[in-house]
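A closer look at the structure
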Amino acid sequence: MIASLIALVALQPDELKFKKSVIDARFVSEGVAVGDVNRDGRLDVIAGNVWYEAPDWKANEIAPFVFVEPKSAWSNSFHNWAADLNSDGWVDQIVIGMPGEKAVWRENPKGNAGPWKEHLIWRNAGNESPLYEDLFRNGKRVLIMAYDDERLAWFEPAKDPYAEWICHNVSELKGSGSQRYSHGLGVGDVQLGKDRQNAIITRDGFYVWRNGPSGIVWMFVKTDLGADCAHMLVHNGGVLSTSAHARGVWWHQPTGNGFEKTTIDETISVTHAAVLATFGKSVNLVTGKRKWGHPPGVDPGSEEPHWLVRYELQGTKWVRHVIDEDSGVGTQFVVQDIDGDGLPDIVTSNKNGVFLFTQMSG
């Protein structure tokens, strides 16, 4: 049974206010990251081949900027993360482009001029929502993605930070989530009260792990977790997902026999990225429309307003609040306190540009 739990009250006054800043009106990236690039104590924004220096958001090239036509082409940057990968005290950039392209990291030049040196992580990266997460809850983030159109795996840096990363297979050959254009991937605890471990989640089920005599062993638990989607987010053992190229936002709640699907919103479309965040004391699912995930007119609602929205969990209902109507999300974005006031902000990058939504106090 599919029920609707959304309170469609987007027009009511929103108790949370955000100040919108257009950091860059160009199409530079579908993903974005945040980190103190120049070690001045402020968080900067990193998007594709450009980093933006806080607080005025001056653009600096990481690699030469190349214009691409938003209606018919894609950037070389779908997912970005910031991390000090060579332990030199300077934030570096992880970049994954189109599904099936290589995964790389770019070395921060420590304030020196010129392009950032690029290092190979892995020969290709599949799945439309690769992740960089603390999978094993040990304080170390790893990449979770498919490769060779054959397997889903997790990757960790080698002892030599400049070497190719170490691949650890999760799926069997052609297992769930392993295809180049697989839609839907997540990390979280969907077995509450059991092992309290993170699982790797796909549309068709989830992978759980245990320590075996020869290392970690992965087992697949088959279950229906809905249609093609973007990031799969875990809340209280349930899985939230958003439609990547059609309409729909869903909540899959655990039952004794799997998961029951509930439709949160069936109006918004092409929500190709999502983040679970806390604003005040409330859990919020943040998402929005991706501009031209396929060429104009292909996806349902392609030319509708590019909303950035949050769904606030109030009891058993998700209340929709429209944050903005002319920006949206890309394939990955960040919710984080950017200005140091203790309130989470939102940074997005897509074919409309690069945007910062600063949460206002009071």
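Residue positions are counted from 1 within each chain, in the order its sequence is given. This being a predicted model, a pLDDT of at least 70 is required before a residue's local features are given, and a value of 80 or more before pairs of side-chain atoms are given or counted; all residues contribute to the totals for chains, interfaces and linings. Side-chain metrics rest on all non-hydrogen atoms present in the structure, leaving aside hydrogens and water.

Moving on, we come to the sheet that holds strand 9 (residues 92-96). Note on pairing: DSSP must find at least two bridges between two strands before they are called paired. The helix and strand labels rest on DSSP assignments: H or I over at least four residues marks a helix, E over at least two residues marks a strand, and numbering proceeds from the N terminus. As summarised here, the arrangement of the four strands in space is 8-9-10-11, forming an open sheet in which the pairing is antiparallel. Every other strand in the sheet has two partners, leaving strand 8 (79-83) and strand 11 (117-122) as the edge strands with one partner each. Taking the axes of each pair of neighbouring strands and ignoring which way they run, one obtains an average angle of 25 degrees across the sheet. Strand direction decides the pairing type here: strand 10 (residues 103-107) and strand 11, joined by five bridges, are antiparallel. Axes, fitted as lines to C-alpha atoms, cover a helix only where it is in contact. Angles between the N-to-C directions of the axes lie from 0 to 180 degrees.

This brings us to the sheet that holds strand 29 (residues 345-350). Taken together, four strands build an open sheet; the order of strands is 3-30-29-28 and the sheet is antiparallel. Of all strands in the sheet, those bounded by a partner on one side alone are strand 3 (17-24) and strand 28 (334-336). Here the average twist between neighbouring strands, direction ignored, is 20 degrees. Sheet topology places strand 3 next to strand 30 (residues 353-360); seven bridges connect them, and they run antiparallel.

Membership of the largest hydrophobic core comes to 30 residues, with the highest contact counts inside it found for Val-45, Tyr-52, Trp-57, Phe-279, Phe-333, Val-335 and Ile-346. Mapped by element, the contributors of at least two residues to this core are strand 3, strand 5 (44-47), strand 6 (50-53), strand 24 (274-279), strand 28, strand 29 and strand 30. It is strand 30 that provides the largest number of residues to this core, a total of four residues. Should any heavy atoms of two residues lie within 4.5 Å, those residues are considered in contact. Setting aside chain neighbours within four positions, we find Tyr-52 in contact with Ile-23, Asp-24, Arg-26, Val-28, Asp-44, Val-45, Ala-47, Trp-57, Lys-58, Ala-59 and Val-354. What is meant by a nonpolar core is a set of buried Ala, Val, Leu, Ile, Met, Phe, Trp, Tyr and Cys residues, joined one to another through side-chain atoms within 4.5 Å. For every residue, the accessible area obtained with a 1.4 Å probe (protein chains only) is divided by the maximum for its type, and the residue is called buried under 20%, exposed over 50%, and partly exposed between those limits.

Here the focus is the environment of His-119. Relative to the assigned elements, His-119 resides in strand 11. Taking the C-alpha atoms as reference, His-119 lies 6.2 Å from Arg-106; in sequence the two are 13 residues apart. Residue contacts for His-119: discarding those within four places in its chain leaves Val-104, Trp-105, Glu-107 and Tyr-162.

Let us now look at the confidence of the model for the protein. pLDDT measures the predictor's confidence residue by residue and takes values from 0 up to 100. When pLDDT is averaged along the protein, the result is 94; 95% of the residues meet or exceed 70. Low confidence marks residues 1-13, where pLDDT is under 50. Its contacts with residues over four positions away, or in another chain, come to 31 contacts.

Here we come to the pairing of strand 27 (residues 317-324). Counted residue by residue, strand 27 has seven buried out of eight residues, so it is predominantly covered. The pairing of strand 26 (residues 308-314) with strand 27 spans seven bridges and is antiparallel. Looking across to strand 27, one finds that Gln-314 is bridged to Lys-317. In this structure, the hairpin formed by strand 26 and strand 27 is closed by a connection of two residues, where Gly-315 is found at a positive phi of approximately 70 degrees.

On to unusual backbone geometry. Each neighbour pair has its own omega, and for Ala-54 with Pro-55 the value is 5 degrees, a cis peptide bond. As for its position among the elements, Pro-55 is in the loop between strand 6 and strand 7 (58-61). Located in the positive-phi region is Lys-110, a residue other than glycine, with phi close to 60 degrees. The residue Lys-110 is located in the loop between strand 10 and strand 11 in this model. The phi angle at Asp-148 is positive, at roughly 60 degrees, despite the residue not being glycine. In this fold, Asp-148 is placed in the loop between strand 13 (142-147) and strand 14 (151-156).

To continue, consider the packing of aromatic side chains. Each pair of aromatic rings taken from Phe, Tyr and Trp, with Trp reduced to its six-membered ring, is defined by centres within 6.5 Å and is described as stacked if the planes are under 30 degrees apart, edge-to-face if over 60, and tilted in the remaining cases. For the structure shown, the criterion picks out 13 aromatic pairs. Geometrically, the ring pair formed by Phe-136 and Trp-154 is edge-to-face, given 4.9 Å between the ring centres and 70 degrees between the ring planes. With Phe-136 in the loop between strand 12 (126-133) and strand 13 and Trp-154 in strand 14, this pair connects stretches of sequence that are 18 residues apart. The residues Phe-136 and Trp-154 share a single accessibility class, namely buried. Taken together, a centroid distance of 5.1 Å and an interplanar angle of 85 degrees make the contact between Phe-136 and Trp-209 edge-to-face. Placement of the pair is Phe-136 in the loop between strand 12 and strand 13 and Trp-209 in strand 18 (residues 205-212), with a sequence separation of 73 residues. Of the residues examined, Phe-136 reaches a relative accessible area of 17% and is grouped as buried. Among the aromatic residues, those joined into a cluster by ring pairs are Phe-136, Trp-154, Trp-209 and Trp-218.

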